[in-house]
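Take a look at the letters that make up each chain.
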Amino acid sequence: MSELKKKAIGILAIAGVEPYQEKPGEEYMSPEQMAHFNKILQAWRNQLRHEVDRTVHHMQDEAANFPDPVDRASQEEFSLELRNRDRERRLIKKIEKTLTKIEEDDFGFCESCGVEIGVRRLEARPTADLCIDCKTLAEMKEKQMQG
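Residues numbered from 1 in each chain as written. Predicted model: local features only at pLDDT ≥ 70, side-chain atom pairs only at ≥ 80, totals over all residues. Heavy atoms only, no water.

**Focus: the overall build of the protein**
Logical step 1: Secondary structure summary: the protein contains 5 helices and 0 strands in total.
Logical step 2: Counting from the amino terminus, the protein carries its helices and strands in the arrangement α-α-α-α-α.
Logical step 3: Per-residue burial over the protein gives 31% buried out of 147 residues.
Logical step 4: Within the protein, residue pairs in contact and separated by at least 24 positions form 56% of the contacts whose partners lie at least 6 positions apart. (Helix = DSSP H or I, 4+ residues; strand = E, 2+ residues; numbered from the N terminus. Buried < 20%, exposed > 50% of the residue type's maximum accessible area, 1.4 Å probe, protein only. Contact = heavy atoms within 4.5 Å.)

Next comes the structure, spelled out in structure tokens:
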């Protein structure tokens, strides 16, 4: 299947790993599925680590060039880069937590109610720890608390 066709029907590879094709009658979170999600999470974590390393080297190079300290655009770019890296650092921690769940054979089930999260939801969000119903409920509660 062509990449354009996959994008058109919403099948995208995460971290370069093709979506899992379930087999008829396959048990949920079979060893093959666990290996698939482990592969996705490892590749995603490696991509993020590479980006963090690239940014650190870039920022070190920029600091060595002694840019104008009152250059607001440079400061804004630097600040934005730091926020992005902080977000990625938190995501790496979440990925590592999920990898631990795979190792402990506790992956793919809702932390709140215990039901299957579902292969398709995990393909879209491999670090999901709530089923769609519990996640929706949590978001509704969060909105109520805010306003």
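**Some details on the side chain of E88**
Logical step 1: Mapped onto the fold, E88 is located in helix α3 (residues 72-103).
Logical step 2: Residue classification places E88 among the buried positions, given a relative accessible area of 18%.
Logical step 3: Within the local environment of E88, its side chain forms a polar contact with the side chain of R85, the two groups lying 2.2 Å apart.
Logical step 4: Setting aside its immediate chain neighbours within four residues, E88 contacts L48, E51 and V52. (Polar contact = N/O pair within 3.5 Å; in protein donor to acceptor, adjacent residues only side chain to side chain.)

**Some words on the UniProt feature "domain: Zinc finger DksA/TraR C4-type" (unreviewed entry) in the protein**
Logical step 1: Under the UniProt annotation, "domain: Zinc finger DksA/TraR C4-type" (unreviewed entry) lies at residues 106-138.
Logical step 2: Secondary structure over residues 106-138 splits into 39% helix and 0% strand, and the C-alpha atoms at its two ends are 21 Å apart. (UniProt positions renumbered as here; feature names shortened; annotations may be inferred.)

**Details of the packing of aromatic side chains**
Logical step 1: Taken as a whole and assessed by the stated rule, the structure comprises 2 aromatic pairs.
Logical step 2: Summarising the aromatic geometry, the rings of Y28 and F109 are spaced 5.3 Å apart at their centres and angled 85 degrees between planes, so their arrangement reads as edge-to-face. One end of the pair, Y28, is in the loop between α1 (3-8) and α2 (31-64); the other, F109, is in the loop between α3 and α4 (119-124), and 81 residues separate them in sequence.
Logical step 3: With a centroid separation of 5.4 Å and an interplanar angle of 50 degrees, the aromatic rings of F37 and F107 are classed as tilted. Within this pair, whereas F37 is found in helix α2, its partner F107 is found in the loop between α3 and α4, the two being separated by 70 residues in sequence. Residue F37 shares its accessibility class with F107, and that shared class is buried. (Phe/Tyr/Trp six-rings, centres within 6.5 Å; stacked < 30°, edge-to-face > 60°.)

**Brief notes about the pattern of salt bridges**
Logical step 1: In this structure the tally under the stated criterion is 12 salt bridges.
Logical step 2: Here R45 ties to E96 by a salt bridge, and the two come within 3.8 Å at their closest N and O atoms. Here R45, found in helix α2, pairs with E96, found in helix α3; they are 51 residues apart in sequence, far enough to count as distant.
Logical step 3: The exposure class assigned to R45 is buried, which follows from its relative accessible area of 14%.
Logical step 4: By relative accessible area, which is 28% here, E96 ends up partly exposed.
Logical step 5: Where salt bridges share partners, they join E51, R54, E81, R85 and E88 into one cluster. (Salt bridge = Lys/Arg side-chain N within 4 Å of Asp/Glu carboxyl O.)

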